[in-house]
Amino acid sequence: MKRIIVDYKKLTPELLKLLTEKFPDGYGDKDIITFDDHHNQTIEAVEVKTEDSIYLVKVSSKLHYTMSNFDNDNFEINELGNVIVDNNIEPTNFKEEKE
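A brief structural summary. Quick caveat, the model's predicted, so the values are computed rather than measured.

Here we come to the overall build of the protein. If you tally the helices and strands in the protein, you get 2 helices and 4 strands. Along its sequence from the N terminus, the protein presents helices and strands in the succession β-α-β-β-β-α. By the burial criterion, 29% of the 99 residues in the protein qualify as buried. Counted over contacts in the protein with a minimum sequence separation of 6, partners at least 24 positions apart contribute 60%. Accessible surface, the protein as shown: approximately 7500 Å² in total, 44% of it carbon and sulfur.

See the structure below:
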């Protein structure tokens, strides 16, 4: 099986659909895989499998935004076939809630 690392900017509609189906309520800390790439940089990703590939989608606040706002029937794709994400999105600051 091929292992493919994908950034949110390179998500295809099919891959985004698989992500939203696997994580309908969003992903959590236990879903995140951490590894070092060939440049020795630490990568955090979530895993999605197809019949012939394992996709490791890099985790970011923009990925979370894209997944939560994905509508299976209404989205834009660019000339490369990737889902268009608003690059002006400000990263969300997630704060821990005190119990």
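Nonpolar side chains in soluble globular proteins tend to be buried together. If you look at the biggest cluster of nonpolar residues, it comprises 11 residues: V6, Y8, L11, L15, L16, L19, F23, Y27, V46, V48 and V57. Elements supplying a minimum of two residues to this core: α1 (13-22) and β3 (42-49). A total of 3 residues in this core trace back to one element, the largest contributor, which is α1.

On to the pattern of salt bridges, then. For the coordinates displayed, the defined rule picks out 1 salt bridge. Among the ionic pairs, D31 bridges to K30, the shortest N-O distance being 3.9 Å. Residue D31 is classed as partly exposed on the basis of its relative accessible area, which comes to 22%.

The rules behind the values
Residues numbered from 1 in each chain as written. Predicted model: local features only at pLDDT ≥ 70, side-chain atom pairs only at ≥ 80, totals over all residues. Heavy atoms only, no water. Helix = DSSP H or I, 4+ residues; strand = E, 2+ residues; numbered from the N terminus. Buried < 20%, exposed > 50% of the residue type's maximum accessible area, 1.4 Å probe, protein only. Contact = heavy atoms within 4.5 Å. Areas by Shrake-Rupley, 256 points an atom, 1.4 Å probe, with all protein chains shown as cover. Core = buried A, V, L, I, M, F, W, Y, C linked by side-chain atoms within 4.5 Å. Salt bridge = Lys/Arg side-chain N within 4 Å of Asp/Glu carboxyl O.

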